[in-house]
Amino acid sequence: MKKIDVAIVGASGYTGLELLKILINHPVFNITYVANSTGGISVSELHPSLDSVLDMDIKKVDAKELASVAQLAFLALPHKTSMSFAKELLALDVKVVDLSADYRLKLETYEEYYCPHEDKENLKFAAYGLAEFYEDQIKNTKLVANPGCYPTATLLGLLPFVPYMKKDTNIFIDAKSGLSGAGKKLSDTTTFVNISENTFAYNPFKHRHAPEIKEKVLELTDIDAKINFVPSLLPVIRGMLVSIYITLDEVCDAKQILKEFYKDDEFVRVKDNPVNIKDTSGTHFCDLYVEQNGDAVFISSSIDNLLRGASSAAVVNANLMCGLEQSIGISKIAYVP
Ligand SMILES: NC(=O)c1ccc[n+]([C@@H]2O[C@H](COP(=O)([O-])OP(=O)(O)OC[C@H]3O[C@@H](n4cnc5c(N)ncnc54)[C@H](OP(=O)(O)O)[C@@H]3O)[C@@H](O)[C@H]2O)c1
């Protein structure tokens, strides 16, 4: 099969490194351009784990240079920074998979929770990159907004039950993430001394991923759900475990609903026992478990925040955008033990 040349911008970050690792082994995508904010360093100097694996220089990002050597770009950049490059790249006819929040939300929601939008034109055409729900849109776009990690784990667990929920009841989402979810930049919260042997909630009910979850539930089900989202940090490097609590309108078999909903989905596993973060670590799987007590339902969802929550989802989306099978180059083998 003819190779497709791709670029990674933000290759010095955590999701950028994961993209490098996936794309090095991808049978169709060929890495031709790797960049960060400064350049002037090689991949193996930046990521010693890739010494003797990928011999390339990291460039200071330049959209025109990128467009001259790649047909598709992965932007593993902070929000705001991303949209300035995406805009330029799309004008140069480069397909874009953006890992930031810049194209995930409606304009009003984005500007309320982030900052003024600088690429309103392309925002209208972006597809939301949750392939289980938006496959056709992803296949037919030049710009994919990769979902946030918390929304990915939450939406996959919650959406099958939204039509069965009691109207106007609160949905509680208790979401725990490994520390790599915060990116490589250190803060007081993420120092070893603060997080080691410790765990705590942050931004309860105020996290920016809550409006993303709410907006997608509304878009896909027409239900204005009462989302109460509380994220916590776990003293682990990668992994995400989300607990969702809902009330059903009438008693029905929650496990049967979940199994039926995902019976044809390759990367969602409905499990008979409570899920854990180890079994999805290193993979694109989302593992789901459900338990009920009459009309009260507990849904547990596990993903690898750096892969299903970011980089493997980005490659699945790029596969679909390029007319490939979604599973090409995507790992199903977990980092266990
Ligand atoms: N971490 C996760 O689990 C996760 C999950 C889902 C989505 N995301 C999203 O994915 C994006 C990347 O996340 P991350 O965790 O990989 O972040 P990160 O570890 O902080 O890395 C950020 C990357 O962006 C580069 N960068 C920053 N400003 C730049 C500029 N002006 N020009 C070029 N490169 C620039 C940095 O390069 P330098 O080294 O030169 O600064 C670095 O490579 C973020 O939008 C994040 O919200 C992350």
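None of these values were measured; they are calculated from a predicted model.

Student: Describe the overall build of the protein, and please don't skip the residues or the numbers.
Tutor: Along its length, the protein carries 12 helices and 15 strands. Taking 2.2 N^0.38 as the reference for a compact globule, 337 residues should give roughly 20 Å; the C-alpha atoms of the protein span a radius of gyration of 19 Å, in line with that estimate. Seen through its C-alpha atoms, the protein measures out along the principal axes to roughly 60 × 45 × 40 Å. For the protein, with 337 residues in total, the buried portion stands at 47%. Once local pairs closer than 6 in sequence are excluded, the contacts in the protein between residues at least 24 apart make up 70%.

Student: Could you give an account of the sheet that holds strand 4 (residues 57–60), with specific residues and numbers?
Tutor: Spatially, eight strands are ordered 3-4-2-1-5-6-8-7 in an open sheet, and the strand pairing comes out mixed. On the outer flanks of this sheet lie strand 3 (41–42) and strand 7 (127–128), each paired with one strand and no other. In this structure, strand 2 (residues 29–36) lies alongside strand 4, joined through two bridges in parallel fashion. The residue bridging A35 from the neighbouring strand is K59, located in strand 4. Taken strand by strand, helix 4 (residues 81–91) contacts strand 1 (4–9), strand 5 (72–75), strand 6 (95–98) and strand 8 (143–145), and its axis lies near 165 degrees from that of strand 6. Taken strand by strand, helix 12 (residues 311–321) contacts strand 2, strand 5, strand 6 and strand 8, and its axis lies near 155 degrees from that of strand 6.

Student: Please set out unusual backbone geometry residue by residue, giving values where relevant.
Tutor: That bond from V336 to P337 is cis: its omega, -5 degrees, falls within 30 degrees of zero. Among the secondary structure elements, P337 is positioned in the segment after helix 12. One non-glycine residue, S52, lies in the positive phi region at around 65 degrees. Note that S52 resides in the loop between helix 2 (43–46) and strand 4. S52 sits in the exposed class, given 6 other C-beta atoms within 10 Å. The backbone of D222 shows a phi angle near 70 degrees, a positive value even though the residue is not glycine. Looking at the element boundaries, D222 is found in the loop between helix 10 (209–221) and strand 11 (226–233). We classify D222 as exposed; it has 9 C-beta atoms within 10 Å.

Student: If you had to explain the sheet that holds strand 9 (residues 170–177) to someone new, which residues and values would you point to?
Tutor: Spatial ordering of the open sheet is given by 10-11-9-12-15-14-13, a layout of seven strands whose pairing is mixed. Every other strand in the sheet has two partners, leaving strand 10 (200–201) and strand 13 (268–270) as the edge strands with one partner each. Against the sheet, helix 11 (residues 254–261) makes contact with strand 13, strand 14 (286–293) and strand 15 (296–303), and its axis sits at roughly 155 degrees relative to strand 14, the strand it touches most.

Student: Account for the pairing of strand 2, with residues named and values stated.
Tutor: Burial analysis of strand 2 places six of its eight residues in the buried class, the great majority of the element. Examined bridge by bridge, strand 1 and strand 2 share six bridges and lie parallel to one another. From the neighbouring strand, I4 faces strand 2, where its bridge partner is F29. In this fold, strand 1 hands off to helix 1 (residues 14–24), which returns the chain to strand 2; that crossover is right-handed.

Student: So, the domain arrangement of the protein: which residues are in play, and what are the values?
Tutor: For the protein, the domain assignment lists domain 1 (4–146 + 310–321) and domain 2 (150–303). Each of domain 1 and domain 2 has a C-alpha centre, and these two points are 25 Å apart. Each partner contributes residues to the interface: domain 1 has 15 residues there, and domain 2 has 15 residues. Only helix 5 (107–113), helix 7 (131–139) and helix 12 provide two or more residues apiece to the side of domain 1 that touches domain 2. No other element matches helix 12, which puts three residues into the side of domain 1 that touches domain 2. Here the side of domain 1 that touches domain 2 is built from residues that sort into nine nonpolar, three polar and three charged.

Student: Which residues make up the packing of helix 7 against helix 12, and what are the values?
Tutor: The interhelical angle for the contact between helix 7 and helix 12, taken along N-to-C directions, is 40 degrees, at an axis separation of 9 Å. Judged by the angle between their axes, helix 7 and helix 12 are oblique. Read as a crossing pair, helix 7 and helix 12 show a hand that is right-handed. Touching A131, E135, I138 and K139 of helix 7 are V316, N317, L320 and M321, all from helix 12. In the contact of helix 7 with helix 12, the residues fall into five nonpolar, one polar and two charged.

Student: Tell me about the site of the ligand, and name the residues and values.
Tutor: Around the ligand, 29 residues are found, and the nearest of them are S12, G13, S37, S100 and G183. For the shell around the ligand, the element with the highest residue contribution is helix 1, accounting for three residues. Here the shell around the ligand is built from residues that sort into 10 nonpolar, 17 polar and two charged. Mapped onto the domain boundaries, the shell around the ligand takes at least three residues apiece from domain 1 (4–146 + 310–321) and domain 2 (150–303).

Student: Can you explain the nonpolar core? Please cite residues and give values.
Tutor: In terms of nonpolar packing, the biggest core is built from 97 residues, with I8, V9, A73, F74, L75 and L288 touching the most fellow members. Looking at this core, the element that brings in the most residues is helix 12, giving seven residues. Here this core gathers at least three residues from each of two domains, domain 1 (4–146 + 310–321) and domain 2 (150–303). For V9, the contacting residues outside a window of four places in its chain are A35, V61, A73, F74, L75, A76, L77 and F85.

Criteria and cut-off values
- Here the residue index of a chain counts from 1 through its sequence in written order.
- Residues qualify for local features only when their pLDDT is at least 70, as the model is predicted, and side-chain atom pairs are given and counted only at 80 or more; totals for whole chains, interfaces and linings, by contrast, use all residues.
- Secondary structure elements are taken from DSSP: a helix is a run of H or I of four residues or more, a strand is a run of E of two residues or more, and numbering for both begins at the N terminus.
- Here the globule rule is a power law, 2.2 Å times the number of residues to the power 0.38, and the radius of gyration is based on C-alpha atoms.
- Residue burial here comes from a neighbour count, namely the number of other C-beta atoms, placed from the backbone, that lie within 10 Å of the residue's own C-beta, with 20 or more meaning buried, 12 or fewer meaning exposed, and in between meaning partly exposed.
- Whether two residues are in contact depends on their C-beta atoms, placed from the backbone: they are in contact if these lie within 7 Å.
- In this analysis, strands are considered paired if DSSP registers two or more bridges between them.
- All axes here are fitted lines through C-alpha atoms, helices being fitted over the stretch that makes contact, and every angle between N-to-C directions spans 0 to 180 degrees.
- Crossovers are described as right-handed under a simple rule: with the strands pointing away from the observer, the path leading from the first strand over the helix to the second runs clockwise.
- Throughout, the edges of the domains are those of an automatic or database domain assignment.
- Here the nonpolar group is Ala, Val, Leu, Ile, Met, Phe, Trp, Tyr, Cys and Pro; Asp, Glu, Lys and Arg are the charged ones; every other residue, Gly included, is treated as polar.
- Roughly parallel means an angle under 35 degrees; roughly antiparallel, over 145; roughly perpendicular, 65 to 115; everything else is oblique.
- Each helix crossing is assigned a hand: it is left-handed if the near helix lies turned anticlockwise from the far helix by less than a right angle, otherwise right-handed if that turn is clockwise.
- Being near a molecule or strand means, for a residue, that its C-beta atom, positioned from the backbone, comes within 6 Å of it.
- Joining buried Ala, Val, Leu, Ile, Met, Phe, Trp, Tyr and Cys residues through C-beta atoms within 7 Å gives a set, and that set is a nonpolar core.

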